[in-house]
Every structure is written in C-alpha cells, then in structure tokens.
Amino acid sequence: MKSIKVLLFTAITIALLALLSIFYPAEGITVGNITLRFPSLMKILVKEEPIDIEALLQQEEQGRQLLSMRDSVDYYRAYLDSSDLRFSLPNNDPTYFDDLFEQLEKAKGEGRTVRILHYGDSQIEMDRMTPQLRAYMQQTFGGGGPGLLCIRPVVGSQTITQYCSGSLSHQSSFILDEETHSANGNYGPMAHCWSLSGGANGGVNASKDGKVDDRCKQFSTITLLFNNRNGVMNATISSKEIDFREAQSYAESGVHTLRWTLPQSVSSIHYSLQGQGDIYGIMVDDGPGVAVDNIAMRGCSGQQFSLINADQLEAAYAEMDVALIILQFGGNSVPYLRPGKSLNSYCNSLTQQIKHLRKVCPTAKFLFVGPSDMSTTIDGEIRSYPSMPIIVDSLREWALRNDIAYWSIYDAMGGYNTMKAWVDNGLANTDYIHFSTKGVKIMGDRFVEAFHRMYAFYQLRRRIPSTQFDSIWNKQYHFDSILLMQDSLQRTLAQEQEKKVNND
C-alpha cells in the first residue's frame, strides 16, 4: 500500500509540473528585479541531441576526397550550390575570382609582390586564421614572410616577435583609449600611425615555433611605408646573419616607400629611423609572389575605414600592389543587432565603408567573412543569439548586392547552436565567441579549403573550351531548375490532396 501511495504521489507531482509548464508565461514572472522562469513541456519531454562535431567536420572531408576522384563540372555545381564551405558569389558568377587568380599566378614571374589584406576583429588577432591562408597562397604562388607589420607591435603575434623604441607617438582610428586621434585621418592602411619626431630603433625576428610555416620565417625584401612631413626621412636596415647594412633616405613629402632587397633570406632584421614623418608600417616579405597581411582591429565592426584619409590611403594601397581585401567583421555587433532598423543600419554603414575602400583601391577584389555562431544565456541555457540566422543571411545578401563575395564562418562551423558544441569539444573558448587555438586552426583550414576549391575550379575551366563549359554548366543549371520546379509542384499537389482529405 505504501508503494502505491508513493507512485500516486509521484504521478500527481509530475502531472502538476506538466500543467505548470503548459500555463506558465513564456516570458516568466517578474518579482522585483528577479524574473522567474519555468521550462516548457517540450524542453522537459524532448531531449536535445548533442551535435557530433567530428561527423560535421568529416562531411566536407568526404567532399575533398571526391574532388580528387571526380574533377568535374557537376561536382563544382553541387559544391557552389550547397556546400557549407562555399563562397557565395555575386550573381552566382563562378568567374568572380578569375582575375585574382590570374594576378597571383603571374606575380612571381613579373617580379611583383601582390598583397592580400586580411582585416578583421579579435578573431584574427595575434595572426590567427590568416597563417593558413598565407601558407597556402605562398606555397601555391610563391613568396614568403609575415607581410605588413606595425612598426611598434600593438599586440603579440604567434608568427614573429618585434621590438621598437624611440620618439614615436601612436594614433589609431579605432583604439578608444588613445589620448589623441589624427585630425585629418592620417592613419594609413593598418588604421594606425606612428609619428616619428627624431629617431627610433627596432627589429623583427622570426618565430622559432615549429608550428609556424617555414616560408614565414624567411625575409629578403623589406619595405618601409611612410608619409614624409618635413625634411629627409633616413632609414637603415641591417642583419647580423649575413653582415648586411644599407641606409636609404627620401626627401620628398607625401606617402612613399623605401625598399631593401637583401642578397639572401634571413630570419632577423634590425632597423633604425631618423626624421619627421608618419610611419604606417613595415612590409617584411621574401621575394616576389604573394604576401598575406594580418590586420587585426579588436572591438571593431568594420566601420572605421572611412575615418582614414582617402588620398593617403589610396597612395599607400598603390605602393602596396593590393589585389584582394578581406573584411572579417560582424561579431562585435551581433549582441546588439535585431531584424529591422538596427540590422539595416549596420548594413548601410558597411556600404559606406565599401564605397570608401573601392574609391581608394578600385582594382581590388573584395571578400566579406561573416561572423561565427555566438552564444549567450537564454532562460538559463547556453543558446545561440536568436537573430544569428537572420544576421548571417542579411550580411550575405548585403555583400552580394554590393558585388562582394561572402564566406560564412557560421555555416562552416555547423550553423545555429553549434558554438556550444565547439566549446564542449575544446574548439572554442568559454566566452562562446572566440575559437580556441585548435578551433581557429580548423576554421583557418576550412577557409583555405574554400580558396583551394575555387582555384581548382578555375584551373579546370581553363582546360575546357568556354563554349563546352558554358553548355555543361547551363545544362546542369537548367536541369537543377527543373528538379526544383518538379519538387515544388509535388509539394503543392500533396498539400492540395491533404486539404481535400481533411475537408472530406
């Protein structure tokens, strides 16, 4: 009898809790400054299955294996239509990156160092995510070195170590705690400026970390980018490794470069500066080919470029030979963006930034890298920000409307509510925003994979006569359209049949 009473009590308690979960207000009950919430019946009864990260990552690994087995137009059509790693391309134009790839292929033979600028927020700080792209580009097209660096490091880097001292005052368009900001937007392409009034000394040393790509540890071409103000800018580059020391000077005002070509590659250089000028950065490269520059802007959402003086930025980009500008932003705005006015306002502000950048660098291609999934606490649970899918789709649509390619970290990591799984698997930090060292390498590899497949597709199309390719591509597109129409028609007929059965 006692066991029956216990069972009856348990059943009544469960029933009451179920009724409470049904009728309890979804928004909770506020008592003073506290809001009391109760889980819904659905959450109680339905167990949410954990996301299998390994299976998620293997999906695209299978696609990579397929690429080597079936190098075909059909494969690339499917890839560009449905892969989570794909680039979304303006007007679905598969040739969007063709001009870029052609430049990269010719750069080494022409003695050029073509630059790819990777701008981003704290997700790429300390040269994160960029190294995989740099290693791939330099392995494929030639070149080496870490690329464009601040003359005095703002944050550390996993790729190189730097030191600098002297009469340098720092200005930045986005660091809020700077004492002074440039009245005329004199910041340069890194959105930083170090004003030299007298002398300064510094150096760059390659990392000894075995995980750093060897191509990044060799320098043979050093370029100082500056805006000369008064008198003569004097600069000397030296290296003890090869007993090299060479001084150069420049007297003309305006944005210029001083360039040194060392007789052989080294892993350490020292510089000394003397004059009155604004130092925008130092390019540390290894011969002609490709340079991939990591330009991190902690706390930014991609809205600081219009603060940089257009004439000076145009002159700097021309000196740098920029072919591609990557903008990786949005994460800092996610917590504050809502569908409607705030999201539209953010997209409109990005449009102004793109107009500014296109004006000063009209020949460059543009790629926008959207934010990752991000989580917050909702009703006591770690969940994605509710607006994440809408934010990602809106940024993609904005980019394509403005003739910008788009790559989605959000999709590449698995989409909605996957950040928690990445944290649980040690691939992201417990702030549910930033990737861990292991996770950022995976994401960097996935970013490289997207470029690799586009380049392989470019190579494939060059081997096929254009008329033949167009025939295959358009035929496949027409076939896909027919299948979509048939599927839509079948769904419509099924819905009508269901309505008829219900009415009967």
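Residues numbered from 1 in each chain as written. Predicted model: local features only at pLDDT ≥ 70, side-chain atom pairs only at ≥ 80, totals over all residues. Heavy atoms only, no water.

Visitor: I'm lost on the sheet that holds strand β3 (residues 113-120) in this one. Help?
Guide: Think of a sheet as strands paired side by side through backbone hydrogen bonds, with each pair either parallel or antiparallel. Read across the sheet, five strands follow the order β11-β3-β12-β13-β16 without closing on themselves; strand pairing throughout is parallel. Two strands bound the open sheet, and with one partner strand each, they are β11 (289-296) and β16 (405-408). On average, each strand axis in the sheet is tilted by 20 degrees relative to the strand beside it, whichever way the strands run. Here strand β13 (residues 365-370) pairs with β16 via four bridges, running parallel. Looking across to β16, one finds that Val369 is bridged to Trp407. Sheet strands in contact with helix α7 (residues 310-320) are β3, β11 and β12 (322-328), and its direction is about 130 degrees off that of β3. (Pairing = 2+ DSSP bridges. Helix = DSSP H or I, 4+ residues; strand = E, 2+ residues; numbered from the N terminus. Axes fitted to C-alpha atoms, helices over the stretch in contact; angles between N-to-C directions. Contact = heavy atoms within 4.5 Å.)

Visitor: Is there a simple way to explain the confidence of the model for the protein in this structure?
Guide: Low pLDDT marks stretches whose predicted atomic positions should not be read closely. The predicted model of the protein has a mean per-residue pLDDT of 87, with 82% of residues at 70 or higher. Predicted confidence for residues 66-70 stays below pLDDT 50, and this span has six contacts to residues more than four positions away or in other chains. Between residues 478-486, whose pLDDT stays under 50, and residues either more than four places distant or in other chains, the model counts two contacts. (pLDDT = per-residue confidence, 0-100.)

Visitor: Would you take a moment to explain the nonpolar core for this structure?
Guide: Generally speaking, a soluble globular protein has its nonpolar side chains buried in company with each other. Ranked by size, the top nonpolar core spans 80 residues in total, and within it Tyr119, Tyr317, Ile325 and Phe368 carry the most contacts. Leave out the neighbours within four places in its chain, and Tyr119 touches Ile124, Pro189, Ile295, Met297, Phe305, Tyr317, Ile325, Ile326, Leu327, Gln328 and Phe329. In this structure, Tyr75, Ile326, Met454 and Phe457 belong to the second largest nonpolar core, which totals 59 residues. (Core = buried A, V, L, I, M, F, W, Y, C linked by side-chain atoms within 4.5 Å. Buried < 20%, exposed > 50% of the residue type's maximum accessible area, 1.4 Å probe, protein only.)

Visitor: Looking at this structure, how should I read the side chain of Arg128?
Guide: Structurally, Arg128 is set in the loop between β3 and α6 (130-141). As a buried residue without a salt bridge, Arg128 has its nearest oppositely charged side chain in Glu125, at a separation of 7.3 Å. (Lys, Arg positive; Asp, Glu negative; His and termini not counted. Salt bridge = Lys/Arg side-chain N within 4 Å of Asp/Glu carboxyl O.)

Visitor: Any chance you could explain the pattern of salt bridges here in plain terms?
Guide: Where side chains of opposite charge bring their charged atoms close, a pairing between them can arise. Evaluated as defined, the whole model comprises 17 salt bridges. The partner of Arg462 in a salt bridge is Glu105, with the nearest N and O atoms 3.0 Å apart. Of the two residues, Arg462 sits in helix α12 (residues 437-463) while Glu105 sits in helix α5 (residues 98-107), which places them 357 residues apart along the sequence.

Visitor: Explain a nonpolar patch on the surface to me, please; I cannot follow it from the model alone.
Guide: Taken together, the side chains of Met126, Val154 and Val155 make up a nonpolar region of the molecular surface, amounting to roughly 230 Å² of accessible area. By the secondary structure assignment, Met126 is in the loop between β3 and α6. Exposure remark for Met126: the relative accessible area of 42% places this residue in the partly exposed category. (Patch = residues over 30% accessible without salt bridge, like charges linked within 9 Å, V, L, I, M, F, W, Y side chains within 5 Å. Areas by Shrake-Rupley, 256 points an atom, 1.4 Å probe, with all protein chains shown as cover.)

Visitor: Just checking my understanding: could you explain the environment of Ser239 for this structure?
Guide: Within the element layout of this structure, Ser239 appears in strand β7 (residues 219-239). Residues Ser239 and Tyr271, spaced 32 residues apart in sequence, show a C-alpha to C-alpha distance of 8.9 Å. Ignoring sequence-local partners within four residues, the contact set of Ser239 consists of Phe244, Val266, Ser268 and Ile269.

Visitor: What's the story with the pairing of strand β8 (residues 244-250) in this structure? I'm lost.
Guide: For β7 and β8, the ladder comprises seven bridges, and the chain directions are antiparallel. Bridging from a neighbouring strand, Ser239 pairs with Phe244 of β8. Between β7 and β8, which follow one another and run antiparallel, lie four residues, and Asp243 among them has a positive phi close to 55 degrees.

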